Amino acid sequence: MAILPILKYPDPRLRNKAREVQTVNKKTQSLIDDMFETMIDAKGIGLAATQVDVHKRVIVMDLSEDRSDPRVFINPSIEVLDETTQPYDEGCLSIPGVYETVERPNHVMITATDRNGDIFNEEATGLLAVCIQHEIDHLDGKLFVDYLSNLKRQLIRKKMKKI
Ligand code: NI
């Protein structure tokens, strides 16, 4: 396993659109292991492959306090079950130290492939619903700051460039 470097905003590689995984193989599983190690090291709750400069549709997540609930979503998609949005203070390992409120639908159905190559469905509300949408955005080259005003985004960009 290895800790991978995380791309930081405004790195243009964060804008790449990730490709579908054709077959889940040893290479995919080793990427998943490295992503978990990287996410835990960075004290994050979710990580998309895009953030470690691998442009494949792979997401890892662990929303538990004690790191006991590792989740993998390969080629994930969502269907919105309820258009009602909820505000949530989002952060991102690619934009460290920045937390801003974003509104997203609070009830979605996730379809994805697991680390063994099996397709599964999972209904999501609350933090899981927010997190999966945030991470799928990464795979599409989108960041949570894209939902903010231009002015706010410029300020964050300036702050990040200084670091
Ligand atoms: Ni993020």
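Above: the structure in question.
Residues numbered from 1 in each chain as written. Predicted model: local features only at pLDDT ≥ 70, side-chain atom pairs only at ≥ 80, totals over all residues. Heavy atoms only, no water.

As for the coordination of the nickel ion
Surrounding the nickel ion are the protein donor atoms Cys 92 (SG), His 134 (NE2) and His 138 (NE2), at 2.1 to 2.3 Å. Of note, the nickel ion draws all its donor residues from one chain, in the sequence arrangement C-x41-H-x3-H. With a gap of 42 residues between them, Cys 92 in the loop between β3 (71-90) and β4 (100-113) and His 134 in helix α2 (residues 126-139) connect regions that are remote in the sequence. The two residues Cys 92 and His 134 agree in class, both being buried. (Donors = N, O, S within 2.8 Å, 3.2 Å for Na, K, Ca; no water. Helix = DSSP H or I, 4+ residues; strand = E, 2+ residues; numbered from the N terminus. Buried < 20%, exposed > 50% of the residue type's maximum accessible area, 1.4 Å probe, protein only.)

Side note on the sheet that holds strand β2 (residues 58-61)
In a beta sheet, neighbouring strands pair by backbone hydrogen bonds and run either parallel or antiparallel. With antiparallel pairing, five strands are arranged side by side in an open sheet as β1-β2-β3-β4-β5. The sheet terminates laterally at β1 (46-48) and β5 (119-125), the two strands that pair on one side only. Here the average twist between neighbouring strands, direction ignored, is 35°. By the bridge criterion, seven bridges tie β4 to β5 in an arrangement that is antiparallel. Within β5, the residue paired with Ala 112 across the bridge is Phe 120. Lying on the sheet, helix α1 (residues 26-41) is in contact with β1, β2 and β3; it crosses β2 at an angle near 40°. Strands in contact with α2 are β1, β2, β3, β4 and β5; relative to β3, the strand with the most contacts, it is inclined by about 120°. (Pairing = 2+ DSSP bridges. Axes fitted to C-alpha atoms, helices over the stretch in contact; angles between N-to-C directions. Contact = heavy atoms within 4.5 Å.)

Geometric values such as these leave the question of function open.
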